[in-house]
Amino acid sequence: MNDRPVYLDHQATTPVDPRVVEAMLPYLTSEFGNPSSSHAYGRTAAAAVATARTRVAALIGAAGPDEIVFTSSGTESNHLALTGAAHALRAAGRGNHIVTTAIEHPATQATCDRLAGEGFRVTRLPVGTDGRLDPAGLVHAVGPDTVLVSVMHANNEIGTLQPLPELAAVTRERGILLHTDAAQSPATVAVDVGALGVDLLTLVGHKMYAPKGVGALYIRRGTPALRPQLVGGGQEHGLRAATENVPGIVALGAAAEIAQAEHGTDAARIGAHRDRLLGALTTAVPGLRLNGSSRHRLPGNLSLTFPGHTADRIMTATPGLAFSAGSACHRGDTTPSPVLTAIGLTPDEAARTVRLGIGRHTTSADITTAAELLVSAATAPVRP
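Here goes a summary of the coordinates provided. (Residues numbered from 1 in each chain as written. Predicted model: local features only at pLDDT ≥ 70, side-chain atom pairs only at ≥ 80, totals over all residues. Heavy atoms only, no water.)

**Concerning the overall build of the protein**
Summing up its helical and strand segments, the protein has 12 helices and 12 strands in all. Computed over C-alpha atoms, the radius of gyration of the protein comes to 21 Å, within 12% of the 21 Å expected from 2.2 N^0.38 for 384 residues, which places it in the range of a compact globule. Dimensions of the protein, computed from C-alpha atoms along their principal axes, come out at roughly 65 × 55 × 35 Å. Summarising the internal contacts of the protein: among those between residues at least 6 apart in sequence, 74% fall at separations of at least 24. Of the roughly 15,600 Å² of accessible surface on the protein, 56% is carried by carbon and sulfur atoms. (Helix = DSSP H or I, 4+ residues; strand = E, 2+ residues; numbered from the N terminus. Rg over C-alpha atoms; globule rule 2.2 N^0.38 Å. Contact = heavy atoms within 4.5 Å. Areas by Shrake-Rupley, 256 points an atom, 1.4 Å probe, with all protein chains shown as cover.)

Set out below in structure tokens:
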């Protein structure tokens with residue numbers, strides 16, 4: 001009998017799909033070669049990396065595998081995109097202005113902070129109460145010295161999807177690079193770089209049922225050469241020096257192939273689970289608030305502000321569930337989430353907000369259990 005908590009934290013990380021484990025196992029055992037080696041072991045590893053690159057490119061509609069650079073994480077991909085593009089374009093005399101939003105992942109926010117300390121001008125645009133950026137705001141923010149705009153595809157806390165095609169229309173007309181952090185999206189949302197109009201796109205393995213420690217950056221052909229952050233051996237088109245993490249890359253390729261084939265059916269099933277859970281909670285807990293757009297959001301995300309009870313109190317009362325009281329990237333931080341305050345929540349409301357993340361392996365029984373436990377916790381008398 002499985003007595004582990006029901007897992008509802010898929011925005012923090014996803015379990016590795018058994019099919020992904022099966023695909024990567026040979027490269028943890030017998031196929032251990034270095035892809036840079038010219039002998040048979042190296043050629044086998046290099047071929048596996050090439051296959052994975054093709055699969056990742058296909059997932060996002062890239063023009064070819066040459067547009068994919070493998071990294072160690074979403075944080076590294078974001079850093080390479082932002083820092084690499086900003087420094088290269090400033091050195092070319094293009095400008096030193098970067099535009100982003102107030103609700104980006106800390107990996108983007110911290111990189112922008114560092115760039116600001118290096119003399120770049122950074123503008124952080126507000127979002128509406130639904131968590132979406134108004135393209136008109138971007139029109140007013142950019143100028144002749146703007147070299148880069150970074151807006152995440154789906155927010156990791158409130159699940160809101162941004163209007164990237166409309167934003168791309170603004171940047172493309174002005175010759176400004178557009179980067180998006182799409183870490184949260186590909187497992188359940190179709191991500192096509194052509195339709196989105198982006199020049200740079202971040203992918204993360206552990207958000208799409210691959211292991212932690214592998215990610216990728218899409219770089220559109222014709223994008224000005226980024227300045228590498230890691231130099232040495234010249235791997236990954238000279239943009240990311242280090243011996244490739246072959247098992248992780250193979251896993252990311254397998255996860256990409258599965259996501260491409262199944263994200264539609266996954267999204268429908270997960271979305272139905274989400275709607276059933278939200279319906280049960282809304283009916284039983286008057287005053288419950290859904291944060292973020294109800295229409296433009298990830299199928300599996302619920303950001304909910306409960307009346308009366310803090311998130312910590314609800315989590316303590318529901319040991320049979322695993323979920324977050326906000327972004328998992330801020331463990332131990334008691335300050336209000338910048339994302340929640342950006343959409344208008346007060347510190348008290350932010351403290352009463354939880355994030356529920358439904359995923360590929362969540363069952364109908366899991367949703368029933370979650371509804372029962374959360375309703376019980378949320379409707380219990382508030383003790384002083």
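The discussion continues.
**Thoughts on the packing of helix 2 (residues 40-60) against helix 8 (residues 246-284)**
Packing of helix 2 against helix 8 brings their axes to within 8 Å, and their N-to-C directions diverge by 35 degrees. In the packing of helix 2 onto helix 8, the handedness of the crossing is left-handed. In contact with Ala45, Ala48, Val49, Ala52, Arg55, Val56, Ala58 and Leu59 of helix 2, helix 8 contributes Val246, Ile249, Val250, Leu252, Gly253, Ala254, Ala256, Glu257, Ala259 and Gln260. Of the residues belonging to the contact of helix 2 with helix 8, the class tally is 14 nonpolar, two polar and two charged. (Axes fitted to C-alpha atoms, helices over the stretch in contact; angles between N-to-C directions. Left-handed = near helix turned anticlockwise from the far one by under 90°. Nonpolar A, V, L, I, M, F, W, Y, C, P; charged D, E, K, R; others polar.)

**Details of the pattern of salt bridges**
Applying the stated criterion to the full structure yields 17 salt bridges. Between Asp199 and Arg172 there is a salt bridge, with the nearest N and O atoms lying 3.5 Å from each other. Of this pair, Asp199 sits in the loop between helix 7 (193-196) and strand 7 (200-204) while Arg172 sits in helix 6 (residues 164-174); the two residues are 27 residues apart in sequence, bridging distant segments of the chain. Judged by its relative accessible area of 6%, Asp199 falls in the buried class. Shared partners join several salt bridges into a network, and the residues in it are Asp17, Arg19, Glu262, Asp266, Arg269 and Arg360. (Salt bridge = Lys/Arg side-chain N within 4 Å of Asp/Glu carboxyl O. Buried < 20%, exposed > 50% of the residue type's maximum accessible area, 1.4 Å probe, protein only.)

**Section: the nonpolar core**
Inside soluble globular proteins, nonpolar side chains tend to come together where they are buried. Ranked by size, the top nonpolar core spans 60 residues in total, and within it Ile60, Phe70 and Leu201 carry the most contacts. Considering each element in turn, this core owes the most residues, 10 residues, to helix 8. When near neighbours in sequence (up to four residues on either side) are disregarded, Phe70 contacts Val49, Ala52, Arg53, Val56, Gly215, Ala216, Glu236, Arg240, Ile249 and Leu252. Core analysis: the second largest hydrophobic core is formed by 24 residues, Val285, Leu304, Leu356 and Ala378 among them. (Core = buried A, V, L, I, M, F, W, Y, C linked by side-chain atoms within 4.5 Å.)

**Points about the sheet that holds strand 12 (residues 353-357)**
Within a sheet, each strand pairs with its neighbour through backbone hydrogen bonds, oriented either parallel or antiparallel. Spatially, three strands are ordered 9-10-12 in an open sheet, and the strand pairing comes out antiparallel. Edge positions in the sheet fall to strand 9 (289-290) and strand 12, since each of these pairs with one other strand and no more. Strands in contact with helix 8 are strand 9, strand 10 (301-305) and strand 12; relative to strand 10, the strand with the most contacts, it is inclined by about 15 degrees. (Pairing = 2+ DSSP bridges.)

**Remarks on helix 4 (residues 106-117)**
The end-to-end C-alpha distance of helix 4 is 16 Å, a good match for the 16 Å that 12 residues give at a rise of 1.5 Å each. Here helix 4 has its buried residues at Ala107, Thr108, Gln109, Thr111, Cys112 and Leu115. Of the surrounding elements, those touching the buried residues of helix 4 are helix 3 (74-91), strand 3 (97-101), strand 4 (121-125) and strand 5 (146-150). Of the residues trailing helix 4, Gly119 is marked for its positive phi of about 100 degrees. (Expected span 1.5 Å × (residues − 1).)

**A look at a nonpolar patch on the surface**
Nonpolar side chains collect at one region of the surface, where Val16, Val21, Leu25 and Leu28 lie side by side and expose about 300 Å² of accessible area between them. Position of Val21 relative to the elements: it lies in helix 1 (residues 18-24). Given the relative accessible area of 32%, Val21 is considered partly exposed. (Patch = residues over 30% accessible without salt bridge, like charges linked within 9 Å, V, L, I, M, F, W, Y side chains within 5 Å.)

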